[in-house]
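Overview (structure and organization)
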Amino acid sequence: MSSTTLYGGVSGRRVTVRDLAAAKERGERWPMITAYDAMTARVFDAAGIPVLLVGDSAAMVVYGYDSTLPVTVDDLLSLTAAVVRGSSRALVVADLPFGSYQTSPGQALESAARFMKEAGAHAVKLEGGRRVVPQVEALVSAGVPVMAHLGLTPQSVNALGGYRVQGRGEAGDELMADAKDLERAGAFSVVLECVPADLAERVTASLSIPTIGIGAGAATDAQVLVWQDMMGLTPSPARFVKRYADLGAELDRAARAFADEVVGGSFPGPEHTYS
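Cut-offs applied
- Residues numbered from 1 in each chain as written.
- Predicted model: local features only at pLDDT ≥ 70, side-chain atom pairs only at ≥ 80, totals over all residues.
- Heavy atoms only, no water.
- UniProt positions renumbered as here; feature names shortened; annotations may be inferred.
- Helix = DSSP H or I, 4+ residues; strand = E, 2+ residues; numbered from the N terminus.
- Rg over C-alpha atoms; globule rule 2.2 N^0.38 Å.
- Buried < 20%, exposed > 50% of the residue type's maximum accessible area, 1.4 Å probe, protein only.
- Areas by Shrake-Rupley, 256 points an atom, 1.4 Å probe, with all protein chains shown as cover.
- Lys, Arg positive; Asp, Glu negative; His and termini not counted.
- Charge placed at Lys NZ, Arg CZ, Asp CG, Glu CD.
- Salt bridge = Lys/Arg side-chain N within 4 Å of Asp/Glu carboxyl O.
- Contact = heavy atoms within 4.5 Å.
- Core = buried A, V, L, I, M, F, W, Y, C linked by side-chain atoms within 4.5 Å.
- Pairing = 2+ DSSP bridges.
- Axes fitted to C-alpha atoms, helices over the stretch in contact; angles between N-to-C directions.
- Phe/Tyr/Trp six-rings, centres within 6.5 Å; stacked < 30°, edge-to-face > 60°.

As annotated in an unreviewed UniProt entry, the protein chain carries the name 3-methyl-2-oxobutanoate hydroxymethyltransferase and is attributed to Nonomuraea ferruginea. Per UniProt, the protein chain has the following entry under Sequence similarities (unreviewed entry): "Belongs to the PanB family." Turning to the protein chain, the UniProt record has this under Function (unreviewed entry): "Catalyzes the reversible reaction in which hydroxymethyl group from 5,10-methylenetetrahydrofolate is transferred onto alpha-ketoisovalerate to form ketopantoate."

Describing the overall build of the protein chain
A count of helices and strands for the protein chain gives 11 helices and eight strands. For a compact globule of 275 residues, the expected C-alpha radius of gyration is about 19 Å, and the protein chain comes in at 20 Å, within 12% of that figure. Dimensions of the protein chain, computed from C-alpha atoms along their principal axes, come out at roughly 70 × 45 × 35 Å. Buried residues in the protein chain amount to 49% of all 275 residues. Entry remark: accessible area of the protein chain is about 13200 Å², with carbon and sulfur atoms responsible for 55%. Considering the protein chain, the positive charge centre built from 24 side chains and the negative charge centre built from 31 side chains are found 4 Å apart.

Some remarks on the UniProt feature "binding site: Mg(2+)" (unreviewed entry) in the protein chain
In this structure's numbering, the residues bearing the UniProt feature "binding site: Mg(2+)" (unreviewed entry) are Asp56, Asp95 and Glu127. Look at the named residues: they lie 72 residues apart in sequence, but the longest C-alpha span between them is just 10.9 Å, so in the fold they bunch up. Among the residues examined, aspartate 56 registers a relative accessible area of 5% and is labelled buried. Considering the arrangement of structural elements, one finds glutamate 127 in the loop between strand E4 (123-125) and helix H6 (133-141).

Considering the pattern of salt bridges
In the structure shown here, the tally under the stated rule is 12 salt bridges. The partner of aspartate 221 in a salt bridge is lysine 24, and the shortest N-O contact between them spans 2.8 Å. Here aspartate 221 is found in the loop between strand E7 (211-214) and strand E8 (222-225), whereas its partner lysine 24 is found in helix H1 (residues 17-26), with 197 residues between them in sequence. Take aspartate 221 and lysine 24: they sit in the same class, and that class is buried. Measuring nitrogen to oxygen at the nearest pair gives 2.9 Å for the salt bridge that ties arginine 114 to aspartate 74.

Side note on the environment of lysine 180
Tracing the backbone through its elements, the reader meets lysine 180 in helix H8 (residues 170-185). By relative accessible area, lysine 180 is classed as partly exposed at 33%. For the pair lysine 180 and alanine 94, spaced 86 residues apart in sequence, the C-alpha to C-alpha distance is 22 Å. In contact with lysine 180, not counting residues within four places along its chain, are Ser206 and Leu207.

Re the side chain of aspartate 19
Inspection of the secondary structure puts aspartate 19 in helix H1. Contact partners of aspartate 19, with chain neighbours within four places excluded, come to Leu6, Arg13 and Arg14.

Focus on the nonpolar core
Ranked by size, the top nonpolar core spans 59 residues in total, and within it Phe115, Leu139 and Leu192 carry the most contacts. It is helix H4 (residues 73-86) that provides the largest number of residues to this core, a total of seven residues. Beyond its immediate stretch of four places on either side in the chain, leucine 192 contacts Leu150, Leu175, Ala200, Val203, Thr211, Ile212, Gly213, Ile214, Ala216 and Thr220.

Description of the sheet that holds strand E6 (residues 189-193)
On the basis of which strands lie adjacent, the closed barrel formed by eight strands has the order E1-E2-E3-E4-E5-E6-E7-E8 and parallel pairing. Within the sheet, the average angular offset between the axes of one strand and its neighbour, ignoring direction, is 25 degrees. Relative to E8, E7 runs parallel, the two sharing two bridges. Bridging across to E8, glycine 213 finds its partner in glutamine 223.

Details of the packing of aromatic side chains
Summed over all chains, the structure comprises two aromatic pairs. For the ring pair phenylalanine 258 and phenylalanine 267, a centre distance of 5.9 Å and an interplane angle of 70 degrees mean the geometry is edge-to-face. Under the relative-accessibility criterion, phenylalanine 267 is labelled partly exposed at 31%.

Quick notes on the UniProt feature "active site" (unreviewed entry) in the protein chain
Those residues carrying the UniProt feature "active site" (unreviewed entry) are Glu193 in this numbering. Among the structural elements, glutamate 193 can be located in strand E6. Using a relative accessible area of 10% as the deciding quantity, one classes glutamate 193 as buried. If sequence neighbours within four positions are ignored, glutamate 193 has contacts with His149, Leu150, Gly151, Leu152, Pro154 and Ile214.

If you want it as structure tokens, here you go:
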């Protein structure tokens, strides 16, 4: 495998935003997966996943809320630190949660600084188009790499009227303009969530920074999924999710087998007992 390959590649150093830019220039696609703890981060890192996202999706898959809105900076800081400790190669991106950056560029920088200093994050992600350009500019000027997020932005789910496809018709032109504004502001990449595939393809072709798709078709530079969705732990995943394993069924089987052996007295056996 070539040392320039982003997926797999060289394990002696962290992936950087420059590596992602170089992959775009080469036309190389790459994967991003969410992670929220050291153990799964270690597995995904060893598998060669170049970017791990500590998403505010932790609100639902870790903390049990029904949306991303309740999760706080403090909630995500410990998760981000765990992912950083559990990985050695992947670029770790931390989501800025709802209410931690919208007020002002100063608020955004204060929140991002906590993720960088306290948790060791290598970049942050925030949602929104032109309205967050001042925040992106302030963060980039301060040396914080910023991943942008357009289309279905879960933190705005109430304003959007639910989890619906975004960017159809004239709204596609607005999304394209937002993407270009975010690129000019200094974002190193942009997530496109739940947008028509042809729009994502046009945005990808028009930007010099990588696009990361989730429910945005196959033409983006990268793809991201929530790991619990792709591994079968989420009961009713979105249409854009492909299940690569059924860990829910396997965990259920193992838990029942353990319980049966405890009830039946066969566990622990002699091989699990100290003399």
